Structure formats: C-alpha cells, structure tokens
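# Coordinate inspection notes
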Amino acid sequence: MSRFLIFSTLLISSGVLAQSYEPPRTANGKPDLQGYWTNASITTMQRASTYTDVGLVIPQDQVASLTTNNHQNVRQATDDGQVQGELPDGTDLARGRGYNAFWVDPGSQFGVIRGEARTSWITHPADGRIPFSEEGTRLRREAFARRGNDGPEGRSLGERCIIGFGSTGGPPMNNVLYNNMYQFVQTDDYLTILVEMVHDTRIIPINGDHRPGALEPWLGDSVAYWDEDTLVVETVNLHPQQAPRNSAPLSKQGKVVERFTRHSDNEIYYEFEVSDPVYYTEDWRGEMVFNKTDTQPYEYACHEGNYGLTGILAGARRLELDPSSD
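What you see is a predicted model, and the numbers here were worked out from it, not measured in a lab.

If you tally the helices and strands in the protein chain, you get five helices and twelve strands. Buried positions account for 45% of the 326 residues belonging to the protein chain. Long-range contacts, defined here as pairs at least 24 residues apart, represent 63% of the contacts in the protein chain between residues at least 6 apart. Only carbon and sulfur atoms are counted for the fraction: they give 52% of the accessible area of the protein chain, which is about 17,000 Å².

Before going further, it helps to spend a moment on the pattern of salt bridges. According to the stated counting rule, one finds 16 salt bridges in the structure shown. A salt bridge links R202 to E258, with the nearest nitrogen and oxygen atoms 2.8 Å apart. Taken together, the residues span a long stretch of sequence, with R202 in strand β7 (residues 201-205) and E258 in strand β10 (residues 255-264) at a distance of 56 residues. The buried category is assigned to R202, whose relative accessible area is 4%. E258 sits in the buried class, given a relative accessible area of 0%. Note that E271 is salt-bridged to R259, the shortest N-O span being 3.7 Å. Of the two residues, E271 is situated in strand β11 (residues 267-275) and R259 in strand β10; the sequence distance between them amounts to twelve residues.

Think of a pair of aromatic rings as described by two things: how far the centres are apart, and how the planes are tilted against each other in angle. For the structure on display, the rule yields 13 aromatic pairs. For the pair F272 and W284, a centre-to-centre distance of 6.2 Å together with 85 degrees between the ring planes defines the contact as edge-to-face. Of this pair, F272 sits in strand β11 while W284 sits in strand β12 (residues 284-292), and the two are twelve residues apart along the sequence. Here the guanidinium or amino end of K292 rests over the ring plane of W37, the centre of that ring lying 5.0 Å away.

In this section: the environment of F290. Summarising the element assignment, F290 is placed in strand β12. Taking relative accessible area as the criterion, F290 reaches 0% and is therefore assigned buried. For F290 and M181, which are 109 residues apart along the polypeptide, the C-alpha to C-alpha distance reads 9.1 Å. Once residues lying within four places of it in the same chain are set aside, the contact partners of F290 are W37, T38, N39, M173, Y182, N266, E267, I268 and Y270.

Further remarks concern the pairing of strand β1 (residues 35-38). Summarising the sheet, β1 and strand β5 (residues 181-186) pair through four bridges and their orientation is antiparallel. Directly across from G35, in β5, lies its bridge partner F184.

Calculation criteria
- Residues numbered from 1 in each chain as written.
- Predicted model: local features only at pLDDT ≥ 70, side-chain atom pairs only at ≥ 80, totals over all residues.
- Heavy atoms only, no water.
- Helix = DSSP H or I, 4+ residues; strand = E, 2+ residues; numbered from the N terminus.
- Buried < 20%, exposed > 50% of the residue type's maximum accessible area, 1.4 Å probe, protein only.
- Contact = heavy atoms within 4.5 Å.
- Areas by Shrake-Rupley, 256 points an atom, 1.4 Å probe, with all protein chains shown as cover.
- Salt bridge = Lys/Arg side-chain N within 4 Å of Asp/Glu carboxyl O.
- Phe/Tyr/Trp six-rings, centres within 6.5 Å; stacked < 30°, edge-to-face > 60°.
- Lys NZ or Arg CZ within 6 Å of the ring centre and 35° of its normal.
- Pairing = 2+ DSSP bridges.

Remember that the coordinates give geometry; whether it matters functionally is a separate question.
Below is the structure:
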C-alpha cells in the first residue's frame, strides 16, 4: 500500500474516530495530555500564495500531487541540488547555506484536522493570512529595523538562543524547519510544555491568576482552566523583545487563547485565537494537531561550538574601521 493511500485513509478515519473517543484520564479525572508530541508538517501558519486557489481544505484527489511538489519535499529529494564533493557556487546563499536540506526536518505531510488536509493552520480570516492593521505593520517593521550588529542584543532572539525562532514556543505554538517536538507534563495544578527548539519551557498554572502586568516573561504570562475535557490557556503580556516579533505579535491590550483537547490516542487537537486591537483589524483563529511520537527530543545545546555570532559581530567591528564602508 502506498504512503499516499495510507494518508488518504487517515483523512477519512481520523474524523470518525474522534466523535466517540474517550481520552485517558489522570487520577483526578482530567484528560491526560502527557507524552511526546510533534507538530512537524508542511502545513504552515499562513497560507502560501501557492495555495490561494486551493483554499483551506485540499481536495482529496490533489493531496498526493501537492505533497510531492511541496517545496520542502522537493528540497529533501534534491538536497538543494548540491553534489557530493563539489563546492557550492553561491546560488544557495539566499536560501541559507547553514540550512540546506540535509539539516532540516520540517515534516513531509500536510496537517490533517478532522479528516481534512489543510494548507494553513489559520482558519479565519478565510484567506489564511494574519490581518495586520496599518499600526501593527508599522510597529512590526520598526521592531525589525532595530536589529543590527552593534552588539548581541541587536540579533534575533532565536539567533541568541533565548527563545526558538518562528514562535515554536508560542503562543500560538508553530512548526518550523526542524526541532518540532514537545513534551507535555501534567499535574493537577500545572501543565508544563517542554519545547525542543532552544529548550524553551512553558510552565502554565491551572486555575491560577495572571501575574502583575509589570511582569512580562518570555512566552508570556499564561494561566489555564478546564472547560469540560478541554484545557483552555490564556496568555497576555509577552516580553517586550518578543511581543512585536512573535508569529502573533501582541500589545499590552492583546491576548492569545489556546485550547488543548485529546482527540485520539495519537492526537491532541489544538485551537488558538488571537485578539489585539492594536496589531490586527480583527480577531484571527486557527487550529492544528499535535501527533504522538515515540521519539524523544535531544537536549538543545544551542550555541555549543557555534562561532557564527562572534564572527558576525567581529566582522561588523572590522567594517567600522574601514573608511570606505561609511
């Protein structure tokens, strides 16, 4: 049986199974979310222009061809056209020479939600794009313009290994080029999510209160409560350096609501809604699945043996000494 036939069978069966699913439960009777999970997928947060005509849900007869021709799968099949023993000619620089296909592990299938293969995690607005306001676009542009080489603080948060790039730690939690694994640990009073990328950890109190507004931690201030069998998490007050750069930028008026529902033995159904009158013209929503995995994440030693940041800053200091660079 081909992998695409197996994939098509899953499209049909996953939605049916979830309707009558009874989740495993902890000692206090709550659904057990614990374990190792992954959101690796070629589905992305926003819908790529490639799939504008397709829409949110991929017709079943197009899943196989769109999967094969997805740029991530083409990269994996061709290794960016590199040939063993031959030096790159420079054409790969724009794609990021340090991240040629050998080093990435984005996933190879579209995300399947309630039996539907999706082109984007965003479900509203209908175009699958984040509805930035003019003010939000301006604030985001200004935040990225402040990046530079004056010191390590001018480099990106992912490059500095403070939090994962691409908002892997969220909120909302997003899949990226590699390291898309998560470990959920749950007690009566907390949900802890260990994020493989940059070894981020979200420690979320259940039935707790938000901290004072002056506290703005990395990954935000999150609290949770149970709505029947769904764990609802509300996050506010992202760290000021993260807030404008997150996949879902937030002002002090913004919040992200996430919902975790055990969908089957092998899936957690993950919904999110982002609200912020400063950054967006309307609230926007999405959904994805976390798939159970037997693989366990390695420790993420982000800068071990990494001389790139030192080289970037040293190169900038050298350029400052060159009169022709003024």
